[in-house]
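Residue-level structure breakdown
Below are the chains, spelled out letter by letter.
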Amino acid sequence: MTCPLLYRFRVIDKIPEPPTTATARGTLVHAVLERLFDAPAPGRTPQAARDLIAPEWDKLSADAADLAELVPDDAALAQFLQDATAAVDGYFTLEDPRRLEPAERESYVETTLDSGLRLRGYIDRLDLSAAGDIRIVDYKTGKVPREAYEASALFQMKFYALVIWRTRGVIPRVLQLMYLTDGEVLRYSPDEADLRATQRKLEALWAAIEKSRAAGHWRPRPSRLCDWCRHKALCPEFGGTLPPLPGQQAPALATDPAPLATDPAILATDPAIPATDPAILATDPAIPGTAPTDPATKESEVALTA
Ligand code: SF4
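Structural notes, computed from the coordinates.

Thresholds, definitions, all that
Residues numbered from 1 in each chain as written. Predicted model: local features only at pLDDT ≥ 70, side-chain atom pairs only at ≥ 80, totals over all residues. Helix = DSSP H or I, 4+ residues; strand = E, 2+ residues; numbered from the N terminus. Buried ≥ 20, exposed ≤ 12 C-beta atoms within 10 Å, placed from the backbone. Contact = placed C-beta atoms within 7 Å. Core = buried A, V, L, I, M, F, W, Y, C linked by C-beta atoms within 7 Å. Near = placed C-beta within 6 Å. Nonpolar A, V, L, I, M, F, W, Y, C, P; charged D, E, K, R; others polar. Pairing = 2+ DSSP bridges.

Our next topic: the overall build of the protein. When helices and strands are counted, the protein shows eight helices and six strands. Burial analysis of the protein (306 residues in total) assigns 39% to the buried set. Residue pairs in contact within the protein that sit at least 24 positions apart in sequence constitute 72% of those at least 6 positions apart.

Further remarks concern the nonpolar core. Core analysis: the biggest nonpolar cluster contains 55 residues, and V29, V32, I136, Y160 and A161 have the highest contact counts within it. For this core, the element with the most residues is helix α6 (residues 147-168), which contributes twelve residues. Dropping the residues within four chain positions of it, I136 is found in contact with I123, L126, M157, Y160, A161, I164, P172, L175 and Q176.

Here the focus is helix α1 (residues 4-12). Within α1, nine of the nine residues are buried, which leaves it mostly tucked inside the rest of the structure. The complete set of buried residues in α1 reads P4, L5, L6, Y7, R8, F9, R10, V11 and I12. Immediately downstream of α1, the backbone of K14 shows phi near 55°, a positive value.

Let us now look at the site of the ligand. Around the ligand lies a shell of 14 residues, among which C3, P220, C226, C229 and C235 are the nearest. Split into classes, the residues belonging to the shell around the ligand amount to ten nonpolar, one polar and three charged.

This part takes up the environment of A87. Tracing the backbone through its elements, the reader meets A87 in helix α5 (residues 74-92). Judged by C-beta crowding, with 25 C-beta atoms within 10 Å, A87 ranks as buried. Considered as a pair, A87 and T141 are 54 residues apart in the sequence and their alpha carbons are 6.5 Å apart.

This part takes up the pairing of strand β2 (residues 118-128). Two strands pair when backbone bridges link them, and strand β1 (residues 104-112) and β2 are joined in this way by eight bridges, in the antiparallel orientation. Counted as the bridge partner of E110 is R120 from β2. The hairpin turn running from β1 into β2, its antiparallel successor, is five residues long, and G116 in that turn takes a positive phi close to 100°. Strand direction decides the pairing type here: β2 and strand β3 (residues 134-140), joined by four bridges, are antiparallel.

Let us look at the environment of F80. With respect to the helices and strands, the residue F80 is situated in helix α5. Taking the C-beta count within 10 Å as the criterion, F80 has 19 such neighbours and is therefore assigned partly exposed. Considered as a pair, F80 and R25 are 55 residues apart in the sequence and their alpha carbons are 7.3 Å apart. With residues near it in sequence (within four places) discarded, F80 still touches T21, R25 and V71.

In structure tokens form, the structure reads like this:
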């Protein structure tokens, strides 16, 4: 994580982050692509996917008033659905869903490291070849990251690969990030050294989080990412006043997994934040043991708990 204070706002204070049109579009597009594979392969056409957009939105917005409020009138709804359609159409420029059969979709994965650190998250899609090779696929509706942030995006995928390796004994062959709107794919083949390094970084990150928690001090770390921070108004760097920490006398996380065990927001990237925003899941060059060249980001959810 690049900003300890942002971590605090999200995970310790649990300050709600209402959806934005960008997060809502990401949710909708993910739902459409998941539903698309319900159909037999020949029926997975661009038109079939487009036909899913409005009904899926109706379902999502019926269950969440805050989603419905994002598109208050017909014009806003039309623009929103048009943007979602562009992302769905972009998907078809990247692959033909009639030619593949995902092994798993929206797959929940979880493992506990020897240190006791628990890793968990949802993977958009897992593909399995006849030879047993695993491909982890993640859909992104934000922009392709600039080169400097590619490692950021990949770190999240390595996180998933680490969990898969530990739970299934197989190192995924390919990590595939699909930037739907931009029509680009980022692929990487991890090896064991990659995943061991990822584990070390995660454990170092967690150690730093526990240190901050014990000290009760979550320093702000301003960057250009502050432009996307939903808690800027509370941030002292921008004239805000910090709320008191909840439960000052709460036990340390290591002995109290409850506060985070049910909160997948930890380390989760936010679809609201453009994909070029590595605010979350990014390793922090300031954290001992983490590499300054390897921050990370994620549009779906991943979590660390102890
Ligand atoms: S505004 Fe910037 S420095 Fe402040 S909490 Fe958000 S990301 Fe951190």
